[in-house]
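Coordinate analysis (summary)
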Amino acid sequence: MNSKKTQDASTATYTMGYSDDFQKLLRRRNAGSSAAHLLPHLEPGMRILDFGCGPGTISVGLAEAIEPGELFGVDMEASQIEIARAAAEAGGHRNATFQTADVTDMPFEDDSFDVAHCHAVLMHAPDTMAVLAEVRRVLKPGGIISSREMFVDSSFLEPSMRGGWETFAKLIEANGGNPQIGRELKRLFIEAGFRDISASVSFEPFCTEEDIDFLHGFITTWFFSPPTVSAAKMYGIATREQFDGWRRELDEWKDTPGALAAFAWGEAIGRK
């Protein structure tokens, strides 16, 4: 565990923020692409918790998979809950309910859910074990926990922009998170008391010209934004000059015919 994990969830700084640019990245994700490891375990009539649900782009697919069961999505950010509710209403997912909540202190009774799911949540949690303990509390005996989390050191741009990746990882650490947690999920689930654990890895690729254009735009507007650069400078992680150099590397990457990129994800499923 990172020594910085002393903040509680309500005071932690979320590295990614809630900008429109980050929302565009989240809208590319859905249950089929981002929870494929979980979908075979879902059955109609289940009761599922999506903790750290964000804008609900994955949640609505999970809700569809368990109809007529119920999905409850929680997130600490009210603006994300509003977006998730709108997405559920637009898609006709009447079995999906969303509310703000702290994932270390959720407003549900013990043994309430058949499944608890999260995507890119534990990597930002200041106290991972506190989150897992709370999830274990609300799961029914035999219930499933599922998580998909990044491990930044195996994510890449080709041609490389390694200094930028290292800075991104350090920003997550400075905010109390763990940028490599995707490869640690099996061990963490065991330590949290879960059993029958299966683990896997996958990549989120950016291969086509459209993908490359999108990722270039996202990195440009998020990673090189004044708030991100200021945070890196404040923490002593990187200088303005380094960011300028990485910006040139990113532009060169976009114009390279063989440009490729991928985010590395670890996935784990366990039972209470």
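Data block above holds the structure.
First, a word on scope: everything that follows refers to the structure included in this document.

Turning to the overall build of the chain, a few remarks are in order. Scanning the chain from terminus to terminus reveals 10 helices and eight strands. For the chain, the C-alpha radius of gyration of 18 Å lies close to 19 Å, the compact-globule estimate for 272 residues. The 272 residues of the chain split such that 53% are buried. Summed over its atoms, the accessible surface of the chain is roughly 11,900 Å², and 50% of this surface lies on carbon and sulfur atoms. A gap of 3 Å separates the mean positions of the 26 positive and 40 negative side-chain charges of the chain.

Turning our eyes to something else, we now look at helix 4 (residues 78–91). Within an α-helix, residues lying three or four positions from one another point in the same direction, as the helix has 3.6 residues per turn. For helix 4, with 14 residues, the first-to-last C-alpha span of 20 Å sits near the 20 Å given by 1.5 Å per residue. Along helix 4, the positions that sit buried rather than exposed are Q80, I81, A84 and A88. The arc that holds the buried residues of helix 4, viewed along the axis, is 100°, so those residues lie on one side. What points out from helix 4, more than 90 degrees from its buried face, is the exposed set E82, E89 and A90. Phi turns positive one or two residues past the end of helix 4, at G92, with a value near 75°.

Here we come to the side chain of R148. The residue R148 is located in strand 5 (residues 139–150) in this model. Every residue in contact with R148, bar those within four places of it in the chain, is listed here: S33, S34, H37, C118, H119, A120, S202, F203, W265, G266 and E267.

Inspection of the secondary structure assignment puts D110 in the loop between strand 3 (96–100) and strand 4 (113–119). Remark: the alpha-carbon pair of D110 and S33, spanning 77 residues in sequence, is separated by 31 Å. In this view, D110 contacts R137 and V138; residues no more than four positions away in its chain are not counted.

So, about the nonpolar core. With 61 residues, the main nonpolar core has L49, F51, L122 and F189 as its most contacted residues. Excluding its chain neighbours within four sequence positions, the residues that come into contact with F51 are V74, V103, M106, A116, H117, C118, V121, L122, V131 and V135. Among the nonpolar cores identified, the runner-up in size contains 21 residues, and M46, A63, V115 and I269 belong to it.

Rules of the game
- Residues numbered from 1 in each chain as written.
- Predicted model: local features only at pLDDT ≥ 70, side-chain atom pairs only at ≥ 80, totals over all residues.
- Heavy atoms only, no water.
- Helix = DSSP H or I, 4+ residues; strand = E, 2+ residues; numbered from the N terminus.
- Rg over C-alpha atoms; globule rule 2.2 N^0.38 Å.
- Buried < 20%, exposed > 50% of the residue type's maximum accessible area, 1.4 Å probe, protein only.
- Areas by Shrake-Rupley, 256 points an atom, 1.4 Å probe, with all protein chains shown as cover.
- Lys, Arg positive; Asp, Glu negative; His and termini not counted.
- Charge placed at Lys NZ, Arg CZ, Asp CG, Glu CD.
- Expected span 1.5 Å × (residues − 1).
- Arc of directions from axis to C-beta.
- Contact = heavy atoms within 4.5 Å.
- Core = buried A, V, L, I, M, F, W, Y, C linked by side-chain atoms within 4.5 Å.

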